[in-house]
Amino acid sequence: MIPLSVFGPVDTLLAGSDHPPIVFVLIVLALANVVTRAVAHRSHVKQADEGGADAITQHPVHIATTLLLILASFYLATVELHSGIVLSVLVVGTFIADFFEIEARRVEVRNDRPLGRPSGAIAASVLMVLYAAYISLFFVVSPIWNAVI
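Residues numbered from 1 in each chain as written. Predicted model: local features only at pLDDT ≥ 70, side-chain atom pairs only at ≥ 80, totals over all residues. Heavy atoms only, no water.

Q: Would you take a moment to explain the packing of helix H3 (residues 60-79) against helix H4 (residues 81-110) for this structure?
A: Describing two packed helices takes the angle between their axes plus the distance from one axis to the other. At a closest axis distance of 7 Å, the pairing of H3 and H4 adopts a crossing angle of 160°. Accordingly, the angle class assigned to the pair H3 and H4 is roughly antiparallel. The element H3 and its partner H4 pack so that their crossing is left-handed. Two secondary-structure elements touch here, H3 through His62, Thr66, Leu69, Ile70, Ser73, Phe74, Leu76, Ala77 and Val79 and H4 through Leu81, Ser83, Gly84, Ile85, Leu87, Ser88, Val91, Val92, Phe95 and Asp98. (Axes fitted to C-alpha atoms, helices over the stretch in contact; angles between N-to-C directions. Helix = DSSP H or I, 4+ residues; strand = E, 2+ residues; numbered from the N terminus. Parallel < 35°, antiparallel > 145°, perpendicular 65-115°, else oblique. Left-handed = near helix turned anticlockwise from the far one by under 90°. Contact = heavy atoms within 4.5 Å.)

Q: When you look at the pattern of salt bridges in this model, what are you seeing that I'm missing?
A: Any two side chains of opposite charge can pair, on the condition that their charged atoms come close. Overall, the coordinates contain five salt bridges when judged by the stated rule. Note that Arg37 and Asp98 form a salt bridge whose closest N and O atoms lie 2.9 Å from each other. Residue Arg37 is found in helix H2 (residues 21-51), and its partner Asp98 is found in helix H4; the two are separated by 61 residues along the sequence. Taking the relative accessible area as the measure of exposure, Asp98 reaches 10% and is therefore buried. Residue Glu108 pairs with Arg105 through a salt bridge whose shortest N-O separation is 3.0 Å. Of this pair, Glu108 and Arg105 both sit in helix H4, separated by three residues, roughly a single helical turn. Under the relative-accessibility criterion, Arg105 is labelled buried at 6%. One salt-bridge network, held together by shared partners, links Glu101, Arg105 and Glu108. (Salt bridge = Lys/Arg side-chain N within 4 Å of Asp/Glu carboxyl O. Buried < 20%, exposed > 50% of the residue type's maximum accessible area, 1.4 Å probe, protein only.)

If you want it as structure tokens, here you go:
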């Protein structure tokens, strides 16, 4: 039976392996997204101090990692349907949480309150990183896991 190929040569390269390389790209992007979220929060604090609520903008590097993460998780859904859909839901949830956290920071500045951490986006990104680590690094603990279970 000829395997169905969505992206042609890319899927053909990935078809022979137990762990497609996209899962390792996803864990790197997920960790990079967490780092850029911290950098963006520092930037938001600085912007709020200098220019008020209207000066708070999205950090371009954080936007880039988020968009790459969304595209990569959608691609994973074409290679491995179940894990791709689950990760896509977590990534889109993190994206939505980021959007509302920016608005929350602006409200805090308008009400003369100190800027809090983006706790909703942090919680969503922790779930995203944990699932990305599960699908990409499970082979490390699978011998022990299979021996016990």
